[in-house]
Amino acid sequence: MTNIPITAKDFASDQEVRWCPGCGDYAILKAVQRTMAQVEAKTENTVFVSGIGCAARFPYYMATYGFHAIHGRAPAIATGIKLANPELDVWVISGDGDALSIGGNHFVHLVRRNVDVQFLVFNNEIYGLTKGQFSPTSRVGTHTPSSPLGCIENPVSATLLALGSGAHFVARAIDSQQKELTATLVRAHGFKGTSFVEIYQNCLVYNDGAFSTFTAKDKADEMQIHVEHGKPLLFGTDKSKGLRIKSDTLKLEVVTLGENGITSDDILCHDETDKAMAALLADMSEPDFPVAIGVLYCKPGHIFEVEIRKMVNAATSEATCNLNDVLRQGHTWSVTGDGD
Amino acid sequence: MQITGGQFTLATAVALNNLSTFADFPAEIRAPVGTTFGVSAFQINFGSRVIKTAGDDFDVLVAMNPAALKVELHGLKTGGMILVDTGSFQDRNLHRAGYDSDPLKDDTLAAYRVIELDISQLTMDAVKPFGLTKKEALRCKNFWALGYVFWMFGRERQTTVDWLKTKFAARPDIADANIAALNAGHALAETAETIDGSHGFIIPQAPDIPPGLYRTVTGGEAMAWGLAVGARLAELGLVFCSYPITPATPVLHTLSKMVEHDIVTFQAEDEIAAVCAAIGASYAGALGVTSSSGPGISLKAEAIGLAVSTEMPLVIVNTQRAGPSTGLPTKTEQSDLLQALYGRNGECPLVVIAARSPSDCFNMAIEACRIATKYMTPVLLLSDGYISNASEPWLIPDVDKLEAFPIDLHTDGPCFDPSVRDDVTLAKPWAIPGTPCLEHRIGGLEKSFATGEISYNPDNHQMMTDLRAEKINGVVRDIPDQGIEAGADSGPLVVVGWGSTFGPINRAVSNLIDQGLPVSHVHVSNIWPLPKNLGALLSGFERILVPEMNSGQFIKVLRDQFLFDAKGLNKVSGQPFKIHEVEDAIRTHLEALK
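Residues numbered from 1 in each chain as written. Chains lettered and ligands numbered in written order. Predicted model: local features only at pLDDT ≥ 70, side-chain atom pairs only at ≥ 80, totals over all residues.

Enquirer: Talk me through the sheet that holds strand S5 (residues 113–117) of chain B; I want residue IDs and the actual numbers.
Expert: Residue and element names in this part refer to chain B. On the basis of which strands lie adjacent, the open sheet formed by three strands has the order S3-S4-S5 and parallel pairing. Bordering the open sheet on either side are strand S3 (58–63) and S5, each of which pairs with just one other strand. Each strand of the sheet is rotated relative to its neighbour by a mean of 10 degrees, with strand direction disregarded. Where strand S4 (residues 76–85) and S5 come together, five bridges link them in parallel fashion. Paired with Val84 across the two strands is Glu116, which belongs to S5. (Pairing = 2+ DSSP bridges. Helix = DSSP H or I, 4+ residues; strand = E, 2+ residues; numbered from the N terminus. Axes fitted to C-alpha atoms, helices over the stretch in contact; angles between N-to-C directions.)

Enquirer: Residue-level account of the environment of Thr79 of chain A, with values.
Expert: By the secondary structure assignment, Thr79 of chain A is in helix H2 (residues 74–84). When the C-alpha atoms of Thr79 of chain A and Thr130 of chain A are compared, they prove to be 27 Å apart, with 51 residues separating the residues in sequence. In contact with Thr79 of chain A, other than residues within four places in its own chain, are Leu110 and Val115 of chain A together with Ala277 and Gly280 of chain B. (Contact = placed C-beta atoms within 7 Å.)

Enquirer: Quick one: what's the story with the pairing of strand S4 (residues 117–123) of chain A, residue by residue and with numbers?
Expert: Residue and element names in this part refer to chain A. With seven of its seven residues buried, S4 lies for the most part within the structure. Two strands pair when backbone bridges link them, and strand S3 (residues 89–95) and S4 are joined in this way by six bridges, in the parallel orientation. Paired with Ile93 across the two strands is Leu120, which belongs to S4. Taken together, the six bridges between S4 and strand S6 (residues 195–200) define a ladder with parallel strand orientation. Bridging from a neighbouring strand, Phe122 pairs with Ile199 of S6. (Buried ≥ 20, exposed ≤ 12 C-beta atoms within 10 Å, placed from the backbone.)

Enquirer: Could you give an account of the sheet that holds strand S18 (residues 541–548) of chain B, with specific residues and numbers?
Expert: All names here are of chain B. If you trace the four strands from one edge of the open sheet to the other, you get S16-S15-S18-S19, paired in parallel fashion. The open sheet is flanked by strand S16 (519–523) and strand S19 (567–570), the only strands paired with a single partner. Shown here is a sheet whose adjacent strand axes are inclined to one another by a mean of 25 degrees, direction ignored. Examined bridge by bridge, S18 and S19 share four bridges and lie parallel to one another. Paired with Leu545 across the strands is Lys567, a residue of S19.

Spelled out as structure tokens, the structure:
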């Protein structure tokens with residue numbers, strides 16, 4: 001078994017990585033390669049599929065099979081790959097423009113069908129490769145070359161869109177948190193079905209610091225909540241803050257342990273199989289709430305290509321007819337050579 | 001009415017007549033009954049000789065309401081016969097059809113033989129024992145009329161009886177009522193002596209039909225079966241990806257019913273997803289096929305370019321319809337030829353072939369699969385709405401006797417080397433994911449010939465551009481030489497056609513040859529690359545006439561390739577050519593040459 005790569009390095013291709021120095025993509029690449037080593041993935045059985053954009057260069061840097069396709073269509077190509085060979089381990093790499101703007105339709109249908117792929121969206125809230133225009137996740141007021149007076153469009157929430165589309169696995173991660181990111185990717189890889197992971201990724205050139213209000217070292221503890229199934233939803237420097245449902249509402253509220261009689265019994269526990277809770281967590285935003293990181297939702301369901309194969313296998317095992325029989329179904333008649 | 005027509009077609013085929021049909025129906029699913037735009041028409045041409053078209057003007061018209069009479073009367077021969085349901089000729093229906101007065105009572109129909117019967121009432125009487133509602137009972141009237149027409153042409157009723165029993169297995173009362181209506185119509189025709197000579201028409205069995213097992217087949221069915229057989233001959237799984245669009249959907253429907261033959265059908269979320277999934281399927285080692293009509297092909301254009309750039313086997317079927325834009329979804333046209341050849345960004349060559357008839361879709365689908373896998377290229381196969389819905393008798397081939405063309409996957413070697421191409425076809429090596437040691441990356445960016453890696457090198461881009469063109473041009477070695485369908489191999493005039501105009505052109509040319517006129521017919525199936533002898537062959541004629549259901553697209557290709565001063569005969573009405581239209585044009589051109 002000497003052929004099995006065991007370190008992250010074994011998954012790196014011989015290509016020179018060409019992202020801008022300091023780009024968050026480097027960290028994600030590293031985390032993915034670490035994940036591959038950890039799960040002992042086989043390079044020959046792995047396919048990375050991407051569309052267009054900075055993130056879409058990803059497949060070139062992996063020592064696996066890779067398909068750098070056209071803008072927004074990676075989910076559709078990945079679906080075709082799984083239809084032809086469900087055994088392949090497929091990763092879809094996309095960005096906020098690729099997945100949520102030009103490829104928005106395919107995003108919805110990939111997760112709705114629950115095709116068994118890892119679907120990573122690197123969200124930097126900006127168009128990088130085309131030089132800095134606003135993206136569908138850019139916040140209102142973002143000044144860019146195509147919105148010099150400030151963006152007036154409301155941003156889309158990738159995680160809420162995934163949940164609304166019927167996703168069975170929805171997670172969030174941050175490029176710079178190597179350990180947590182790798183752990184989330186390992187879980188995503190282990191999940192059977194579409195595992196959707198939004199990764200906050202810093203674009204140093206066109207949108208530097210877009211997430212610094214919750215990723216900066218001095219903000220992280222107070223403005224991030226790392227959710228874990230079965231564990232109380234606590235955050236803050238000394239885990240003194242928590243989330244609970246505000247009485248008589250369906251809203252979350254931030255409470256502090258020890259204040260106003262709040263005890264750990266008042267704090268919600270994370271149930272990753274609860275879609276309503278996942279939606280509440282996904283919808284939390286600064287400054288009133290911390291940003292939820294980790295596996296927000298995980299509930300296995302029917303897998304598209306598995307169901308199709310079941311159908312085909314069931315039919316083919318029972319079938320006794322060949323294609324000649326198909327051509328002869330229905331009314332046929334014989335003409336004899338004697339011309340009677 | 002399409003079902004009624006289908007049943008007459010079947011009975012006619014079983015009577016060993018040759019035949020050709022034309023379905024002409026509105027785009028609306030249930031267009032308002034009685035309106036002229038809601039008329040659903042079915043035309044059939046049958047006889048003892050070889051039938052090449054659905055016919056020009058017809059001998060018999062069955063008009064179930066005033067609107068049908070209004071819309072179709074112009075196509076009836078003078079002296080032709082009309083069977084009308086007088087029960088539907090009330091003021092309201094007359095008004096809806098735009099008649100100021102009742103055409104049965106003025107001289108509108110003076111030039112025809114009219115059989116007036118209250119088919120509505122006769123049907124209601126015939127189905128009374130079955131206790132249907134009035135609405136259900138009236139729905140049986142098409143079968144009453146069918147019974148009547150069956151008697152006129154000596155058709156057997158059994159195939160229709162069998163069909164009704166199967167179709168309405170869950171509602172035996174409906175099946176029995178329709179059978180009763182069919183029998184009642186047949187009986188009335190037999191006893192009423194309404195037809196001159198009282199015996200109806202006898203169309204003898206067509207002579208010289210090659211022996212064998214036959215069925216009727218539509219273009220949509222033949223296309224689907226050809227794709228299934230083509231993938232089998234390539235020894236690949238078929239992954240068929242499509243988004244519903246008129247008139248291409250019959251292919252999706254037919255293949256969806258063939259799951260037991262290891263056929264995966266995928267109804268994608270849109271046209272782009274359909275072609276991309278097909279590309280993904282081919283990438284992973286199946287034969288990816290996508291099918292659509294013009295508007296959908298427009299949406300697929302970028303992805304087809306990706307398949308050209310990544311040299312992926314892919315079959316794209318375009319069942320053409322009238323455009324531009326949404327155009328006339330249920331009407332036929334040949335106006336996507338230039339789109340097929342040139343409708344992509346960049347220098348983006350691929351193979352284009354076209355089916356000539358419903359049954360030819362089977363052969364051409366297999367040919368598309370063969371070329372796509374042998375040359376690692378997309379192949380665009382053109383059909384059209386006319387072929388897709390038309391039916392004809394088909395000598396059923398023995399699939400086991402067709403020559404297989406198994407693909408040669410790249411499975412061994414220390415690493416993937418994209419520069420090791422097939423010496424003859426220039427096809428790139430096909431290494432599919434799952435193959436150890438051959439991991440590599442592909443994409444829509446220009447690639448180095450030597451390494452397959454991204455390359456911005458100017459000389460390399462020139463080389464790859466030339467290579468892609470040369471590979472497609474090289475397919476010419478692998479296609480049959482251009483032959484002549486009718487007439488001499490040189491002379492004053494040749495009529496050059498492609499696609500579904502085969503029937504009317506061939507009949508028109510044959511008719512005029514019979515009359516001693518010097519005219520020939522050349523039918524081109526391989527649109528790109530063109531057969532290598534085509535230019536030499538056509539240069540043997542003084543004049544070239546190119547009839548097309550577009551404003552002159554193939555003629556541009558002929559002019560471009562050979563600098564021929566060809567003449568066009570163009571029709572963009574959503575309707576196929578009439579034989580006489582082609583005949584008239586031939587006569588005009590022959591006159592001009594004198």
